[in-house]
Amino acid sequence: MLKILVTDDEEKIRALIKKYAAFEGHTVFEAATGMEAVERCKNDQFDIIIMDVMMPELDGFSALREIRKNQDTPVLMLSARGEEYDKIHGFELGVDDYVVKPFSPKELMLRLEAIIKRTKKTERISHDIYMKDGLIADFTARKIIIDGENIDMSPKEFDLIFYLIKNKNIALTREKLILEVWGYDFCGDGRTLDTHIKLLRKSLGKYAKLITTLRGVGYRFEG
């Protein structure tokens, strides 16, 4: 059973999600604005947050920035817009998944379950450290350090770089990466992987070249 915070200024949307979540045995708390969501997160902990982008007082992106100052709760973002910029911006802020309105409530529940499964799987990463020149991947602490500087990454970037490093020098197909990093019930497409690879390369800076694109196949980490 999950403890879910649904943040959306449309009461009908909140009611719809609450209905389906309750059917799955989850407990739902509601927030009508980004500001209300921030206040709720200051006083309570949730297993996952469903956050709308366009809201009065404080939009979803701004609310997420405030929430991230105190906790790293998984977030699924809702939006009536599907532009790539919005998705990239959301992923940069640490959004775990992105659903465009109108959406299927059943699909939304599947995505929630997939996020929780991935989060629990990440917690079981083995305790070791990878080092290459000035690049350090600390699997235990979930840190990437480059030349002594701790690099800020979204949760999904961490999952992706850790999996690539764990399978260094192996050609990984796009399908394999999506299956292992996003899960078998991932409902998106290959563009989500490409977007995260772009963000990851940006985060790695001079070490971006360690991720090689295998045209027509996928990617390989040159370790």
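Parameters at a glance
- Residues numbered from 1 in each chain as written.
- Predicted model: local features only at pLDDT ≥ 70, side-chain atom pairs only at ≥ 80, totals over all residues.
- Heavy atoms only, no water.
- Helix = DSSP H or I, 4+ residues; strand = E, 2+ residues; numbered from the N terminus.
- Polar contact = N/O pair within 3.5 Å; in protein donor to acceptor, adjacent residues only side chain to side chain.
- Pairing = 2+ DSSP bridges.
- Contact = heavy atoms within 4.5 Å.
- Axes fitted to C-alpha atoms, helices over the stretch in contact; angles between N-to-C directions.

Tell me what's going on with the side chain of Asp 8, and back it up with residues and numbers.
Here Asp 8 lies in the loop between β1 (3–7) and α1 (11–23). Here the side chain of Asp 8 touches Glu 10 through a polar contact of 2.8 Å, landing on its backbone nitrogen.

Residues and numbers for the sheet that holds strand β12 (residues 218–221), please.
The strands making up a sheet are joined through hydrogen bonds of the backbone, oriented either antiparallel or parallel. A sheet is described by the order of its strands in space; here three strands give the open sequence β10-β12-β11, paired in antiparallel fashion. Looking at strand neighbours, the two that pair on one side only are β10 (172–173) and β11 (211–214), the edges of this open sheet. Bridge count between β10 and β12: two bridges; the pairing is antiparallel. Each bridged residue has a counterpart across the sheet, and for Leu 172 the counterpart in β12 is Tyr 219. The strands that helix α6 (residues 155–166) touches are β10, β11 and β12; relative to β12, the one it contacts most, it runs at about 70 degrees.

Residues and numbers for unusual backbone geometry, please.
A cis amide bond links Lys 101 to the next residue, Pro 102, at an omega of -5 degrees. Tracing the sequence through the fold places Pro 102 in the loop between β5 (97–100) and α5 (105–122). The phi dihedral of Asp 147 falls on the positive side, at around 50 degrees, and the residue is not glycine. Considering the arrangement of structural elements, one finds Asp 147 in the loop between β8 (143–146) and β9 (149–151). Positive phi, normally seen in glycine, also occurs at Asn 169, with a value near 65 degrees. In this fold, Asn 169 is placed in the loop between α6 and β10.

Read these as spatial facts, not as claims about activity.
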